[in-house]
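Per-entry structural report
One letter stands for each residue in the lines below.
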Amino acid sequence: MSGILEKFSLNGKVALVTGCKRGIGQGMAVALAEAGADIIGVSASLESKGSETEKQITAAGRKFYPYACDFSQREAIYAFVRRVQAEHPVVDILVNNAGTIKRKPVAEHPDEWWDEVLGVNLTAPFILAREFGKAMIARGNGKVIFTASLLTFQGGITVPGYAASKGGIGQLTMAFSNEWMGKGVQVNAIAPGYIATDNTEALRADADRSTSILARIPAGRWGTPEDLKGATVFLASSASNYVSGTILTVDGGWMGR
């Protein structure tokens, strides 16, 4: 391999991917492994061995290190950080993908749902980026990728906490980039469109909502985790060394309408 393709290689790299048990996070983790990285994977209920994610990553010839962490609990986040830093001193790539969503009209949306969603979707990614980013800055290189959303740009319906958290992720991406790009660490985000995962199951089950969503997507279909693989590898690799503070939409053309 030579030339431009070599810049997309992640051979010798270690990537930490949150929310890797299924869906988008699993697709991202597998993509990074297929590009050559070993994977530190974490989800709230990730199996200690034998997970589907582990099977796919080891099938790609890479190592997989599983962890479980409840990102709604701040002390659990810090305990996870300490353990990973002790067991894996070098994390080259951080993918902050773990997230949750709660659906209820704004007038009925309870405080505890707001707190949980903001904690998992915004506070945890901030802490993880800050803590693992310190070593990246000291080394003078690293990649941080946040999972944003179309609701980084739009308000959505019945998901005020999710929309607020993903709007915040867009701002965090730029805030981190402003301080870290000059220190060799690129910070970007991927904003998936409507992807067929557990998070969108309720939308896909609603015939009217599903029809209206598909009518706006120029691609004419729901996305899949496979559609996120290319963007993930690009932003994790040296091919994107002059790209930072960017929110890359992978949405079948939704935002162009």
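Read on for an overview of the structure. Residues take numbers from 1 onward in each chain, read along the sequence in its written order. Side-chain atom pairs in this predicted model are given and counted only at pLDDT of 80 or more, local residue features only at pLDDT of at least 70, and totals for whole chains, interfaces and linings cover all residues. Values shown for side chains rest on all heavy atoms present in the structure; no hydrogens or waters enter the calculation.

Considerations on the overall build of the chain
Per the convention used, a helix needs a DSSP run of H or I reaching at least four residues, while a strand needs a run of E reaching at least two, with both numbered from the N terminus. Across its full length, the chain carries 9 helices and 7 strands. Relative to the globule expectation of 18 Å for 257 residues, the C-alpha radius of gyration of the chain, 18 Å, shows essentially globular dimensions. Here the C-alpha coordinates of the chain stretch approximately 50 × 40 × 40 Å along the principal axes. Think of it in three bands: residues with accessible area under 20% of the maximum for their type are buried, residues over 50% are exposed, and the middle band is partly exposed, with areas taken using a 1.4 Å probe on protein chains only. The buried share of the chain, reckoned over its 257 residues, is 48%. Throughout, a residue-residue contact means that at least one pair of heavy atoms, one from each residue, lies within 4.5 Å. Intrachain contacts of the chain at a sequence separation of at least 6 include 74% that bridge at least 24 residues. Radius of gyration: over C-alpha atoms. The globule rule applied is 2.2 Å multiplied by the number of residues raised to the 0.38 power.

Notes on the packing of helix H4 (residues 74-87) against helix H5 (residues 111-139)
Across the interface, H4 lies against H5 with an axial gap of 11 Å and an inter-helix angle of 25°. Overall, the two elements H4 and H5 adopt an arrangement that is roughly parallel. As H4 packs across H5, the resulting crossing turns out to be right-handed. Residues Arg74, Ile77, Tyr78, Phe80, Val81, Val84 and Gln85 of H4 form the contact with H5, whose participating residues are Thr123, Ala124, Ile127, Leu128, Arg130, Glu131 and Phe132. Convention adopted: a line fitted to C-alpha atoms gives each axis, helices being fitted over their contacting stretch, and angles between N-to-C directions are expressed from 0 to 180 degrees. By definition in this entry, angles of less than 35 degrees are roughly parallel, angles greater than 145 are roughly antiparallel, angles of 65 to 115 are roughly perpendicular, and the rest are oblique. Less than a right angle of anticlockwise turn of the near helix away from the far helix marks a crossing as left-handed, whereas a clockwise turn marks it as right-handed.

Points about the pairing of strand S1 (residues 14-18)
Across the 5 residues of S1, 5 count as buried, placing the element largely inside the fold. Side chains Val14, Leu16 and Thr18 project from S1 onto one buried face, and the interleaved Ala15 and Val17 project onto a second face that is buried too. Being paired, for any two strands, means DSSP has found at least two bridges between them. Of the pairings in the sheet, the one linking S1 to strand S2 (residues 38-43) comprises 5 bridges and is parallel in character. For Ala15, the partnering residue across the bridge sits in S2 and is Ile39. A right-handed crossover is one whose linking path, passing over the helix from the first strand to the second, runs clockwise when the strands point away from the viewer. In this region the chain leaves S1, passes through helix H2 (residues 23-34) and returns to the parallel neighbour S2; the handedness of that crossover is right-handed.

A short note on the state of the cysteines
Cysteine sulfur atoms that come within 2.5 Å of each other are treated as a disulfide pair. Taken as a whole, this structure holds 0 disulfides when the rule is applied. Cysteine Cys20 shares no disulfide, and the gap to the nearest cysteine sulfur, in Cys69, comes to 12 Å. Owing to a relative accessible area of 0%, Cys20 belongs among the buried residues under this scheme. Looking at Cys69, the relative accessible area reads 4%, which means it is buried.

Here we look at the sheet that holds S2
The strand order across the open sheet formed by 7 strands is S3-S2-S1-S4-S5-S6-S7, and the pairing between neighbours is parallel. A strand with exactly one partner marks an edge of an open sheet, and here the two such strands are strand S3 (64-68) and strand S7 (247-250). Here the average twist between neighbouring strands, direction ignored, is 15°. Across the sheet, H4 is in contact with S1, S2 and S3; its angle to S3 comes to roughly 160°.

Structural notes on the nonpolar core
Among the nonpolar cores identified, the biggest contains 32 residues, and Phe71, Phe80 and Val144 are the most heavily contacted of them. Elements that contribute at least two residues to this core include exactly S1, S2, H4, H5, strand S5 (142-147), helix H6 (160-180) and strand S6 (185-192). When residues in this core are grouped by element, the largest group, 7 residues, is from H5. Beyond its immediate chain neighbours, meaning those up to four positions away, Phe80 contacts Leu16, Val42, Tyr67, Cys69, Phe71 and Leu128. Working definition of a nonpolar core: buried Ala, Val, Leu, Ile, Met, Phe, Trp, Tyr and Cys residues. They are joined through side-chain atoms within 4.5 Å.

These results come straight from atomic positions and should not be treated as a statement about function.
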